[in-house]
Amino acid sequence: MSASSSSSLLAPSQRSYDVFPSFSGQDVRRNFLSHLLGEFNRKGINTFVDNQIRRTESIGPELVQAIRASRIGIVILTKNYASSRWCLDELLEIMECRTTTGLKVMPIFYEMNPSDVRRQHGDFGEAFERNCVGKTEEHKQKWRQALTDVANIGGEHSNNWDSEAAMILKIATDITNILNFTPSRDFDHLVGMEAHIAKMNSLLCMESNEVRVVGIWGPAGIGKTTIARALYGRLSGDFQLSVFMENVKGNYNRNDSYSSKLQLQEQFLSEMLNLKDMRINHLGVAEERLNSQKVFIVLDDVDKLEQLEALANEPRWFGAGSRIIVTTEHKDLFKGHGINHIYEVSFPSGNEALQIFSRSAFKQDYPPEGFMELAVGVTEVTNRLPLGLCVLGSSLRGKSKCEWTRELPSLKSSLHGDIEKVLRVGYDSLGDDDKYKTMFLHIACLFDGEGEDRAIQLLENSTLDIKYGLGVLVDRALINISSNKRITMHHLLRQMGREIVRRQSAHEPGKRQFLIDAQEIYDVLSDNTGTESVLGISFNMSEIRELLFLGERAFSGMHNLQILRFYKLWSDKARVHLHEGLDCLPLPRKLKLLHWEGCPMKHMSFRFRPECLIEINMKWSNLKKLWEGVPMLRSLKKIELSGSTSLEELPDLSEALNLEHLDMQNCHSLVKLPSSIWKLSRLTFLHLYGCRNLEPLPANYALDSLSYLNIGECSKNVAFPEISSEIKKLSVSFTPIPAVPPSVEHWSCLRTLEMIGCGNVTEFPRVPYTVSKLHLHLSGIKEIPPWISDLYGLKELSMAFCTELREISPNICELGQLRSLNFKGCYNVREFPAEIFQSFCIWHELELTLANIGENSLPTYTPEKTEDFPLRLYMSENDFVSIPDSVVQQVKFLHIRDCRELESLPELPGSLSQLYADNCVSLERLSQSSRSSHDPKLILKFINCSELDQESRKLVIQQWACGYAVLPGSEMPDYFTHQARRSSLTIPFSQGNSYGSLRFKACVVLPPRDEFDDGTFRRFQISCYVRGRHSTTVYKWPEIDVDDSEDRLLENHLFILNSYFTLEEDNIPKSEMLFDFRCLGMKEYPDTIFSNILGCGVQLLEPCSCGYDSDAHPELSTTSLEEEVECNNNSVAETRGSNKRERCSVVEGLERTSKYRRITN
């Protein structure tokens, strides 16, 4: 590293001098300079003095070092300055350091015209020319350029001053101000800050001379102010004027708009111009004072358009190159003020969140031993909100593991006061309008994670535009609406909203707007204490321990109840019952959502008027019927009664004119549908699967609106349902239907047809070309006809276990959209056409499943026409002895697990990327490619293939394994030149050799089971810690499954692993490098232990030619040597000396293997 680049790393605190003066001694040493140095001394400015340095032809190393170790260079330009080679060489070094180390340069033109310096004219120029005698043209040109550059820097000119003393005082004051302001690095250590700054720099576009305003938007506590402060600290020093206006909304008086604006601008200009008690009488003052100044402004926490109008109303208020940053939680402000450059701050990743929390809680990057699971739990509580991570981290700092365990449940259930104080601001910003606040509380208590359209339906009323209201909440960063139109709210905001509701009536929950706590709901319903305040109930019945018996007055006081949601785990029995003698309960008239799983009522109360009901969801109920007569259901859009096995009839739905969705699956007692159903012009979804006693659907009705119909297992339906030609998805699975009528071919909307288990269907169904999914498993079809090519929209054809299937037309290869073709268990097919392996004219991947087919059904010929296409071929559980060459020519992924008779594989194509041959126990021979000696494959699994010959093993290990490979073996192959027993080895390095462009291939020997019990492993997670000069590089390979079939590992296996990434040149030690391998052996979750590594080997190689693949290649991360030592010691103790290994959960196991695991987003 050069000296100049070395000094560029010096922080201000590491500089030796404040000021380095460059001057001609004969001109100023005894007068101006002595006075200037005296003033510097009085102000405490540490100045380099060259009294003891002997002057020679060129400046010596002491002066060069002094310049590089200074913060400011003062160049005093006088008439004899250019006559000194010493001075000019000093100037060269100063100007070089200005570029390389950030040295500030201040020229002083003492009795000298700057233009003479710039152009080397007059007496100054003559002195310069005399000094250039005997110098090379290159050297002279460097001097000229340095003089021109320094003269172009703004400085002090003695001719502009009447008093030299005043000028000296001004120079000393300016130097002091420069020294007092240094680019702030206070925020550099913050996790993720560099990424934020990089994104903001691209928006700020500092190279542009325009005036640019950039907004920073996001929810409270996400770090908007911190990002703005980091930018201000780094960039503001390059501007003529700068100001950081914090808490703008807090400094704004909202009573008198114009006066408030004047006061805000007065404060703004006072801070910007460093003038106390500034007074202005109109808002144009800012423009008058700043329109020629290049300024850097941060307006932090703005919440009103008026504030922007007072502080930065127009770009023309500021000089060219100015930058203004505005932070807010109100996205609509940007639109209103015409701010188009917006940075939306995202939440940190899981790994970053863990790091932020750990720095606050432990003052280190990752949790110490034993705290990983607890720390991950806290990051989940905060939903990765930086403010929450920091506040909770500091509150837990220094506490024991027992204290953490004790406090974590309360952290999950209540909000820390400091966090609530910040988050509450967004809620309060909704003003006095209770409509928006109530909408926020609805979402916090009932609709987080709900679809936008459904929420609008259930919240809709005549006084509020719900769609607009949701937009307001989005702009305030209180909710988010995802691309798939789902409403989400940050966990801490949801917690705050629920706390606001709780405080509405802390001790009488029946007086709150929303009830969500299971025990409180239990008490309110048991004691009949609900009031008209209650708008919604969300009751998780699985959270109560005792049975709840409801009386007739349970809901009597809740006249305004609109949302009723009783739900449970599907496996739990219903825990809510009615008092003896009750068959039903009167429910509130204003109810919009009636969601009651496992409802104990046998019918609806005649006193319940359902005219407001929008949705009924009463699956698994005890209902036998709903209402008598014709209920007023004009608002009803959805009925969900699936699993209500006692339901015998539906009411007359003549008034349910808006009904769209009717789900009655597995209503075993339902016999007949009311005729009114066939008159519902908006019904789009009808699910009748498993209604085994239901009468056949009538043939004389048509429902043109219906797009989904499922009559699977409606065993009385013997005729194909022709009730709508608009259907998009139709299922008639497991019915005695014999055929598809010709009319279906004209159903131009049909996309999916399911006829699974239709054994009476013997001919391939004539369906329209629009069908993309055709599921015909377990049918009686005997042939796929040539006209299959007419179904050119088909993407998925499944005929698994069609044991009557004999013939398949090669025309199937003309289906250019096909992506999945399943013939599993079709063991009576005479011969599969060769075209399905070689002749598809497609660019996308085709998944072809031929598991458990006939022994001689594979083709041995090559079709006349072949095409290149990526094929994923599943041929597991077959009895082949060999596989014809023609079958595998297009294969990219080949799965041949459990082909126990297979003895050899044909020559595999270069396109093959992954090969799974587990439990091919007779497999002996693999064929090397005749086209290339190097034929890399990403994943190769030969688990329990113990018959593989030596040539095949060599082929896998040395040539094919580009990602990872698994094959039986206990002895380390000779190919690995560096070998060791157990889990670590050291590679000595020769002096003078370059290792920075090398990768490595490793081999690890692992046993099939834990040495202390008989449980075999299901998966392995292997990592390698490579200790370098400065840090440890961690290679972490994907989890490798070793139990995808019934048979598990039967013996020791070799795991061949490619590092893919090359070693880091500047991190390679001088003498030797340590490779430490670690492995987690995973059994049934959560039983995870360290697997005993029996041996390891490493071979250094040239860089890999194949592209990176996350399924096969390792993740790469680094740790400091200090942090890794602790982790390594634990591992060494674990693997070398312990006869009793500690069992741990998955999280603990990962924690002990590496403190640096990634947490999923």
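About the cut-offs
Residues numbered from 1 in each chain as written. Predicted model: local features only at pLDDT ≥ 70, side-chain atom pairs only at ≥ 80, totals over all residues. Heavy atoms only, no water. Helix = DSSP H or I, 4+ residues; strand = E, 2+ residues; numbered from the N terminus. Buried < 20%, exposed > 50% of the residue type's maximum accessible area, 1.4 Å probe, protein only. Contact = heavy atoms within 4.5 Å. Areas by Shrake-Rupley, 256 points an atom, 1.4 Å probe, with all protein chains shown as cover. Lys, Arg positive; Asp, Glu negative; His and termini not counted. Charge placed at Lys NZ, Arg CZ, Asp CG, Glu CD. Pairing = 2+ DSSP bridges. Axes fitted to C-alpha atoms, helices over the stretch in contact; angles between N-to-C directions. Patch = residues over 30% accessible without salt bridge, like charges linked within 9 Å, V, L, I, M, F, W, Y side chains within 5 Å. Salt bridge = Lys/Arg side-chain N within 4 Å of Asp/Glu carboxyl O. Right-handed = clockwise from strand over helix to strand, strands pointing away. Core = buried A, V, L, I, M, F, W, Y, C linked by side-chain atoms within 4.5 Å. Polar contact = N/O pair within 3.5 Å; in protein donor to acceptor, adjacent residues only side chain to side chain. Parallel < 35°, antiparallel > 145°, perpendicular 65-115°, else oblique. Left-handed = near helix turned anticlockwise from the far one by under 90°. Nonpolar A, V, L, I, M, F, W, Y, C, P; charged D, E, K, R; others polar.

- Looking up the protein in an unreviewed UniProt entry gives the name Disease resistance protein At4g11170 isoform X1, with the organism given as Camelina sativa.

**So, the overall build of the protein**
- The secondary structure content of the protein amounts to 29 helices and 48 strands.
- C-alpha extents for the protein along the principal axes are approximately 115 × 85 × 60 Å.
- Going through the 1161 residues of the protein one by one, you find that 54% of them count as buried.
- In the protein, the proportion of contacts linking residues at least 24 apart, taken out of those at least 6 apart, comes to 62%.
- Of the roughly 51300 Å² of accessible surface on the protein, a fraction of 45% belongs to carbon and sulfur atoms.
- A distance of 4 Å separates the average location of the 129 positive side-chain charges in the protein from that of its 155 negative side-chain charges.

**Quick word on the sheet that holds strand S6 (residues 241-245)**
- Strand order across the open sheet formed by five strands is S6-S7-S8-S5-S9, with parallel pairing between neighbours. Each end of this open sheet is capped by a strand with a single partner; those strands are S6 and strand S9 (341-344). Strand after strand, the sheet turns through a mean of 15 degrees between neighbouring axes, direction not considered.
- Where helix H10 (residues 193-204) meets the sheet, its contacts fall on strand S5 (212-217), strand S8 (323-328) and S9, and the angle it forms with S5 comes to roughly 145 degrees.

**Some remarks on a positive patch on the surface**
- A contiguous patch of positive charge on the surface is contributed by Lys729, Lys773, Lys795 and Arg819.
- Inspection of the secondary structure puts Lys729 in strand S23 (residues 729-731).
- You can call Lys729 partly exposed: its relative accessible area is 30%.

**Looking at the pairing of strand S32 (residues 891-895)**
- Counting buried positions along S32 gives four out of five residues, so the element sits mostly inside the fold.
- Pairing of strand S31 (residues 871-874) with S32 involves four bridges; the strand directions are parallel. Counted as the bridge partner of Leu873 is Leu894 from S32.
- Of the strand pairs in this sheet, S32 and strand S34 (residues 914-916) are connected by three bridges, and their pairing is parallel. Residue pairing in the sheet places Phe893 in a bridge with Gln914 of S34.

**Brief notes about helix H17 (residues 372-382)**
- Within H17, nine of the 11 residues are buried, leaving the element largely enclosed by the surrounding structure.
- Met372, Leu374, Ala375, Val376, Gly377, Val378, Thr379, Val381 and Thr382 are the residues of H17 that are buried.
- Of the residues trailing H17, Asn383 is marked for its positive phi of about 55 degrees.

**Thoughts on the pairing of strand S36 (residues 937-941)**
- S36 sits mainly inside the fold: five of its five residues count as buried.
- Note that S34 and S36 share three bridges and pair parallel. Directly across from Tyr916, in S36, lies its bridge partner Lys941.
- Each parallel crossover has a hand, and the one from S36 via helix H27 (residues 950-960) to strand S37 (residues 961-968) is right-handed.

**Observations concerning the nonpolar core**
- Ranked by size, the top nonpolar core spans 153 residues in total, and within it Ile537, Phe555, Phe764, Phe823, Ile896 and Phe942 carry the most contacts.
- If one sorts the elements of this core by residue count, helix H25 (residues 518-527) sits on top with five residues.
- The residues touching Ile896, leaving out its near neighbours within four places in the chain, are Met875, Ser876, Ile883, Leu902, Leu905, Leu915, Tyr916, Ala917 and Cys920.
- Among the nonpolar cores identified, the runner-up in size contains 82 residues, and Leu204, Phe296, Tyr436 and Phe514 belong to it.

**Structural notes on the side chain of His491**
- Tracing the sequence through the fold places His491 in helix H24 (residues 491-504).
- In this structure His491 comes out as buried when scored by relative accessible area, which is 14%.
- Once you skip the residues sitting within four places of it in the chain, His491 turns out to touch Val381, Asn383 and Lys412.

**Quick notes on the pattern of salt bridges**
- What the rule picks out here adds up to 39 salt bridges.
- Residues Arg512 and Glu520 are paired through a salt bridge, measuring 2.7 Å at the closest nitrogen-oxygen approach.
- For Glu520, a relative accessible area of 23% gives the class partly exposed.
- Here the salt bridges do not stand alone but share partners, grouping Glu129, Glu137, Lys140 and Arg144 into one network.

**Considerations on the side chain of Ser605**
- Mapping Ser605 onto the fold places it in the loop between strand S17 (593-596) and strand S18 (615-617).
- Since its relative accessible area comes to 3%, Ser605 is described here as buried.
- Within the local environment of Ser605, its side chain forms a polar contact with the backbone nitrogen of Arg607, the two atoms lying 3.0 Å apart.
- Filtering out sequence-adjacent residues up to four positions away, Ser605 remains in contact with Cys584, Leu585, Pro586 and Trp627.

**A short note on the packing of H17 against helix H18 (residues 386-396)**
- Where H17 meets H18, the axes come as close as 9 Å, and the angle between the chain directions of the two elements is 140 degrees. Looking at the two axes, H17 sits oblique to H18. Relative to H18, the crossing made by H17 is right-handed. Where H17 abuts H18, its residues Val378, Thr379, Val381 and Thr382 lie against Gly388, Leu389, Leu392 and Leu396.
- Across the contact of H17 with H18, the residue classes break down as five nonpolar, three polar and no charged.

**Thoughts on the sheet that holds strand S2 (residues 70-77)**
- Overall, parallel pairing links the four strands, which are arranged S1-S2-S3-S4 in an open sheet. Of all the strands in the sheet, just strand S1 (17-22) and strand S4 (156-157) have a single pairing partner and so form its edges.
- With six bridges connecting them, S2 and strand S3 (residues 104-109) associate as parallel partners. For Ile72, the partnering residue across the bridge sits in S3 and is Lys104.
- Across the sheet, helix H8 (residues 137-151) is in contact with S2 and S3; its angle to S3 comes to roughly 85 degrees.

**Section: the packing of helix H7 (residues 122-131) against H8**
- For the pair H7 and H8, interaxial distance at closest approach is 11 Å and the crossing angle is 155 degrees. Between H7 and H8, the crossing angle belongs to the class labelled roughly antiparallel. Seen from above, H7 lies across H8 with right-handed handedness. Every residue of H8 that contacts H7 at Phe124, Phe128, Glu129 and Asn131 is listed here: Lys140, Trp143, Arg144 and Leu147.
- When grouped by side-chain class, the residues that make up the contact of H7 with H8 number four nonpolar, one polar and three charged.

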